[in-house]
Amino acid sequence: MKIAIVGTGYVGLVSAACFAELGHEVIGVDIDAAKVQMLESGKSPMYEPGLEELLKSGLKTGRLTFTTKLEEALPHVKIVFSAVATPPGEGYKADLRAVFIVAETVAKFANHDVLFVNKSTVPVGTGEECEKRIAKVLKDRGVQFHIPVVSNPEFLREGMAVPDTMMPDRVIVGVNDTNGSRELMEELYRPITRVGKPLVFMSRESAEIVKYASNAFLATKISFINMLTGLAEATGANIRDIAKGMGLDNRIGPKFLHAGIGYGGSCFPKDVKALLATAQEYGIPMPIVEATDTVNQLQRKRFIEKVLQSLPKKSHVGVWGLSFKPKTDDMREAPSIDVLKALFDAGHSVTAYDPVATEKAKPHLPASTQYAESPLEAAKEADVLLILTEWDIFRGADMHELKSVMKGKDIFDGRNIYESKDVTDAGLKYHGIGVPSSL
Ligand code: NAD
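Residues numbered from 1 in each chain as written. Predicted model: local features only at pLDDT ≥ 70, side-chain atom pairs only at ≥ 80, totals over all residues. Heavy atoms only, no water.

## Points about helix 10 (residues 204-235)
One turn of an α-helix holds 3.6 residues; hence residues three or four places apart share an orientation.
Phase 1: Across its 32 residues, helix 10 extends 48 Å between first and last C-alpha, which sits within 8% of the 46 Å expected from 1.5 Å per residue.
Phase 2: One or two residues past the end of helix 10 sits Gly 236, with phi positive at roughly 80°. (Helix = DSSP H or I, 4+ residues; strand = E, 2+ residues; numbered from the N terminus. Expected span 1.5 Å × (residues − 1).)

See the structure below:
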């Protein structure tokens, strides 16, 4: 099937490359001409494992092409996906301007019936609003094309985006139209349903809510375990044991019970806040979701305070990890942004290392941040070392080697990747989150 995907970011590009790999003909559309040029040359603008290979393969087969002009793609396609960004706007409500521009552009240039599919994360009611805007443009043009709006929220995880798209747990499709939309979506996703993955149909409103509900629930699990870390520290308990004891219960499960510095990234913080904004609009109280957000902010603050309290004036701090999580270079709402700002504000200096995110991190971090080429270089002469992202390369660090290059002894492990004993045995001091610190 011929489709267009508007917005070639983390979601749109992965979807485009995967649909092309699965046999569809995909035109990726983006307003960013430099990005389109880069994509046409086979280079991925962001780091995502396996993506560049798929991009190259799609270009080679000719099933994947790119353009900056949606109107040029439109005559050829049956479906237009919108995968543009929906960042936090006023009062943390999702900023839907880009989504509406795409919807109106489709209506403005369509010369046949076409399905408009919203893949961006949008509040409930956005599909209806898109449909209204499309109807108005079509009316003004004096044409009568059938352009229904379907919700198809995306659940991929950055760092795992390609496998998540090729083999998703489920695909959610919200359809209110009874005139062929469902059948078109079934045809599009056939390569995925053929391998047994569920395609779940529901109303458009339900689908729009599923996305926010899922992210808020996962964020709540993280905040719940983080909430307990203070109690664990105050009582000498170990949050790892608590999480293990809880997670072995099948009703609870072990995932998202990993205590740390709190969640960041382009989705959880903004989606939790956007759900709260929607709830407020409808006058529906959501105290659990509110608490999720509060705990997350406190957790980051608590870590920063602990580090700052331990530092003598004008300390030199080594930082391992800048991206909001491993296997991505995404810096949106990364804890490192707040942590480094607080360190510089307090008069300290920082040398940081990240395996892939350094270039993307630079615009977000204080100008005087120094960047290292290796973990050991970042730790050299450091009074303390902070672990801010749990990249695999940090997990196997040789603590004796680390001790030999550092000036001080303190390791603040914001991701709980080390065992206290391994760090202590090398003569260093361990400060995890919700775990007993070494003396
Ligand atoms: P992104 O910022 O990486 O990409 C958005 C792209 O859209 C950019 O390349 C931008 O140039 C382009 N764009 C903006 N306006 C445009 C327009 N009018 N026409 C054409 N292109 C335009 O964003 P993302 O992370 O891919 O997120 C996209 C949506 O998917 C958001 O709603 C997000 O909440 C949701 N989502 C993201 C993830 C994730 O992990 N990143 C996961 C699930 C859902």
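## Considering the domain arrangement of the protein
How big an interface is tends to be expressed through the accessible area that disappears when the partners come together.
Phase 1: On domain assignment, one finds that the protein holds domain 1 (2-202) and domain 2 (206-439).
Phase 2: The gap between the C-alpha centroids of domain 1 and domain 2 is 33 Å.
Phase 3: The interface is formed by 32 residues belonging to domain 1 together with 27 residues belonging to domain 2.
Phase 4: Between domain 1 and domain 2 the total buried area reaches about 2,300 Å² when both faces are included, carbon and sulfur atoms providing 60% of it.
Phase 5: It is Tyr 47, Val 124 and Glu 158 in domain 1 that bury the most area against domain 2; as a group they hold 27% of the surface buried on that side.
Phase 6: Among the ionic pairs, Arg 332 bridges to Glu 158, the shortest N-O distance being 3.8 Å.
Phase 7: Taken together, the links from domain 1 to domain 2 amount to 9 residue pairs in polar contact (both at pLDDT 80 or more).
Phase 8: The element contributing the most residues to the side of domain 1 that touches domain 2 is strand 7 (residues 171-174), with 3 residues. (Domains from an automatic or database assignment. Contact = heavy atoms within 4.5 Å. Buried area = accessible area lost by both parts, 1.4 Å probe. Salt bridge = Lys/Arg side-chain N within 4 Å of Asp/Glu carboxyl O. Polar contact = N/O pair within 3.5 Å; in protein donor to acceptor, adjacent residues only side chain to side chain.)

## A look at the site of the ligand
Phase 1: Close to the ligand lie 25 residues; Asp 30, Lys 35, Thr 86, Glu 158 and Lys 270 are nearest.
Phase 2: Side-chain polar atom of Thr 86 to an oxygen atom of the ligand: 2.6 Å apart, as the coordinates give it.
Phase 3: One of the side-chain nitrogen or oxygen atoms of Arg 332 is found 2.8 Å away from an oxygen atom of the ligand.
Phase 4: Within the complex, 88% of the 830 Å² of free accessible area of the ligand lies under protein.
Phase 5: Looking at the shell around the ligand residue by residue, the class counts come to 10 nonpolar, 7 polar and 8 charged.
Phase 6: Residue-level mapping places the shell around the ligand at the junction of two domains, with at least three residues from each of domain 1 (2-202) and domain 2 (206-439). (Near = heavy atom within 4 Å. Areas by Shrake-Rupley, 256 points an atom, 1.4 Å probe, with all protein chains shown as cover. Nonpolar A, V, L, I, M, F, W, Y, C, P; charged D, E, K, R; others polar.)

## Observations concerning the pattern of salt bridges
Phase 1: This structure, assessed with the given rule, holds 29 salt bridges.
Phase 2: With its nearest N and O atoms 3.0 Å apart, the salt bridge here joins Arg 204 to Glu 131. Highlighted residues: Arg 204 in helix 10 and Glu 131 in helix 6 (residues 126-141), separated in sequence by 73 residues.
Phase 3: Across the salt bridge formed by Glu 359 and Lys 362, the nearest N and O atoms sit 3.0 Å from each other.
Phase 4: Among the charged side chains, a salt-bridge network with shared partners connects Lys 43, Glu 52 and Lys 56.

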